[in-house]
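Letter by letter, the chains look like this.
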Amino acid sequence: MSDQPDIVFQKVATLAQQYVFDENRHPAKQAFAPDWLSDKLDLELPEKGRDLDEVMDHIGDVLSYTPTTSSTRFFNQLFGGRDIAATAAEMLACVTNNSMYTYKAAGPQILIENMLINRLCQYAGFVTSDGVGSGGGMFCPGGSLSNLTAMLVARNETCERARIWGLDGSTLRVYASAEAHYSISKAAGMLGLGTRNIQEVPVDESGRLCVDDLQRLICDDLDQGFVPFMVIATAGTTVQGAFDPVNQIADIAERYKLWLHIDGAYGGSILMSEKHRHLLAGMERADSLTWDAHKMLGVPLTCSVLLVKNPEVLARSLSESASYLFQQDDDQLNPGTRSLQCGRRNDAFKLWAAWQHHGDLGFARRVDRLIELAQYAADRICNDDRMTLCKKPESTNICFEVCNKSSQAICHALDQEGRMKVGFGIVDGRFVIRLVCVNPEIDEQDLDLFFDEVLAVAKNMPDADNACEVAVSTSG
Ligand code: ABU
């Protein structure tokens, strides 16, 4: 094959079409052992380069064994489906290969990114009192990095010397629910806060942070000389999809002057739904919000944004001079002055393309539909005495058990047999199957099929108890 881009791009289009065609025919792939797959695919790096034809064939082989995460049988993670407009833009963003640090290097892509941040801030209620201006933000490579950036900014705004001189010896404390995402603890380790200084606040029976416990923990910490500086509310917890009560948490944050961050990596998109945005009531009182468009909005991974109410805080924590890079245009057009990264891929273009295609109304419909599907799944479980629903779902995750059968074993068997991918979590000290309704391409028949498959593999399994020995945090 010639190295001519047009010929290669034709081949890419053929491979993409083939992948989607196969995905429709075989929506789930058998899980092969890593060793077997390494041998089968010959993944070794050659010393002498191969002809491009051969490379493309090799790429095709790898694709044929790559899990189909956009299919109607993928329920394993908090993303799913394939938004075609966003996928097209993502592919083209690779072709243009801009780095999003300067206007000089990315041109209109920076204008698109700034506009998206502005619109998302409007949804979050991060607007100035005159309603004209808005907060700021930054696209980050995933929700974990958005959360990390929020915690960095909050730390530096509280402890002004920290960026220049390091922490001053005071023991800063962060509060987040026991169901918060593991990135919070990870970030505390990276930021010199210490993982032990994340105070795990107990949750209620729905998996929502208990505000009374938050208040109690803060008072105890103050009595002991700790310095509370940040509280993180989760909007859509990883396992149960629960929404912490933002307004009540905001009351406490205001009382103790804590930075209020909302980890809406999963559930932030609910802000686009008139019908369900009440789940985030009080959002506008927060200081920052993590919002992953690659979850409920279906944009290809990764498309995460950190929004901040005060647009200046990101630069205060992250701006450095680099005369070789920032050579023209004002900082507003040079996002590298307020980003964790230097080289930064363009994650905005695909969201912009999806927004062009669906509009606000289409995104709202998408969110509403996901919640409708989750309700259908919950009803199915309630109406079948072979299964038990753990909790009434608050949003799009449904946690359930098949009576007397191991949730872990069911999930493994479904994967091994190539029937579907679904994961398990822990709720109230029990292993449960976590069904995630995040792909709007799925319909009621697909969910019926899901339960048929679950019950079919469960039927042949020995009885087991899902109780887990250690009551561990269910997050992550
Ligand atoms: N943000 C990470 C989500 C992982 C999961 O789907 O469980």
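Participant: Go over the packing of aromatic side chains, please, and point to the residues and values.
Facilitator: A full pass over the atoms with the stated rule returns 13 aromatic pairs. Considering the side-chain rings of tryptophan 36 and tyrosine 65, the 6.0 Å spacing of their centres and the 65° angle between planes classify their relative orientation as edge-to-face. Placement of tryptophan 36 in helix 2 (residues 34-41) and of tyrosine 65 in the loop between helix 3 (52-64) and strand 1 (74-75) is noted, with a sequence separation of 29 residues between them. Its relative accessible area of 41% is what places tryptophan 36 among the partly exposed residues.

Participant: Report on empty space enclosed by the protein, specifying residues and quantitative values.
Facilitator: For the structure shown, the criterion picks out two cavities of 30 Å³ or more. The volume enclosed by the largest cavity comes to roughly 40 Å³. Forming the boundary of the largest cavity are Pro27, Ala28, Lys29, Thr68, Ser71, Arg73, Phe74, Met420 and Lys421. Class assignment of the residues belonging to the lining of the largest cavity gives a composition of four nonpolar, two polar and three charged. Along its surface, the second largest cavity is lined by Phe139, Cys140, Pro141, Gln341, Arg344, Arg345 and Asp347. Looking at the lining of the second largest cavity residue by residue, the class counts come to three nonpolar, one polar and three charged.

Participant: Before we move on, can you summarise the sheet that holds strand 1 with the specific residues and values?
Facilitator: The five strands lie next to each other as 1-11-12-10-9, forming an open sheet whose pairing is mixed. One side of each edge strand has no neighbouring strand; the edge strands of this open sheet are strand 1 and strand 9 (387-389). Two strands pair when backbone bridges link them, and strand 11 (residues 421-427) and strand 12 (residues 430-436) are joined in this way by five bridges, in the antiparallel orientation. Paired with valine 427 across the strands is arginine 430, a residue of strand 12. Seen against the sheet, helix 15 (residues 444-459) touches strand 1, strand 9, strand 10 (397-402), strand 11 and strand 12 and runs at an angle of roughly 30° to strand 10.

Participant: Could you give me a rundown of a nonpolar patch on the surface, with the residues and numbers involved?
Facilitator: Taken together, the side chains of Phe9, Val12, Met91, Leu92 and Val95 present a nonpolar region at the surface, about 430 Å² in accessible area. For the nonpolar patch, the elements supplying multiple residues, two or more each, are helix 1 (5-25) and helix 4 (84-96). The element that contributes the greatest number of residues to the nonpolar patch is helix 4, accounting for three residues. Tracing the backbone shows methionine 91 in helix 4. Relative accessible area serves as the criterion here: at 42%, methionine 91 is assigned to the partly exposed category.

Participant: Please give an account of unusual backbone geometry that cites residues and values.
Facilitator: Following leucine 301, the chain continues into threonine 302 via a peptide bond in cis, with omega recorded as -15°. By the element assignment, threonine 302 lies in the loop between strand 7 (288-292) and strand 8 (304-308). Of note in the backbone geometry, aspartate 329 takes a positive phi value of approximately 70° without being a glycine. Looking at the secondary structure, you find aspartate 329 in the loop between helix 12 (313-318) and helix 13 (348-382).

Participant: Just give me the short version of the sheet that holds strand 6 (residues 259-264), but keep the residues and values in it.
Facilitator: Taken together, seven strands build an open sheet; the order of strands is 2-8-7-6-5-3-4 and the sheet is mixed. Among the strands making up the open sheet, the edge pair consists of strand 2 (136-140) and strand 4 (198-201). Neighbouring strand axes in the sheet, compared pairwise and without regard to direction, differ in orientation by 20° on average. Where strand 3 (residues 172-177) lies against strand 5 (residues 227-234), five bridges are found, and the strand directions are parallel. Residue leucine 172 lies in a different strand from strand 5, and its bridge partner there is valine 227.

Cut-offs applied
Numbering of residues begins from 1 in every chain and follows the order in which that chain's sequence is written. Predicted model: local features are reported for residues with pLDDT of at least 70 only, side-chain atom pairs are reported and counted for 80 or more only, and whole-chain, interface and lining totals are derived from all residues. Side-chain metrics rest on all non-hydrogen atoms present in the structure, leaving aside hydrogens and water. Only the six-membered ring of Trp is used, alongside the rings of Phe and Tyr, when aromatic pairs are assigned; centres must lie within 6.5 Å, and planes under 30 degrees apart are stacked while those over 60 apart are edge-to-face, with the rest tilted. Secondary structure elements are taken from DSSP: a helix is a run of H or I of four residues or more, a strand is a run of E of two residues or more, and numbering for both begins at the N terminus. Accessible area is worked out with a 1.4 Å probe on protein chains only. A residue is then buried under 20% of its type maximum, exposed over 50%, and partly exposed in between. A cavity here means a set of points on a 1 Å grid, drawn over the protein atoms and nothing else, where a 1.4 Å probe fits but cannot get out; a pocket is an open set with protein on both sides within 12 Å along at least five of seven lines, and a residue lines either one if it has an atom within 4 Å of a point. Grid points are joined across faces, edges and corners, and a volume is the space filled by probe spheres set on the points. Just so you know the grouping, Ala, Val, Leu, Ile, Met, Phe, Trp, Tyr, Cys and Pro go in nonpolar, Asp, Glu, Lys and Arg go in charged, and all remaining residues, Gly too, go in polar. Note on pairing: two strands pair once DSSP finds at least 2 bridges between them. Should any heavy atoms of two residues lie within 4.5 Å, those residues are counted as being in contact. Convention adopted: a line fitted to C-alpha atoms gives each axis, helices being fitted over their contacting stretch, and angles between N-to-C directions are expressed from 0 to 180 degrees. Only residues whose relative accessible area exceeds 30% and that take part in no salt bridge are eligible for patches, with like-charged residues grouped when within 9 Å of each other and nonpolar side chains (Val, Leu, Ile, Met, Phe, Trp, Tyr) grouped when within 5 Å. Per-residue and other accessible areas follow the Shrake-Rupley method at a 1.4 Å probe size, with only the shown protein chains counted as cover for residues. We count a salt bridge whenever a side-chain nitrogen from Lys or Arg sits within 4 Å of a carboxyl oxygen from Asp or Glu.

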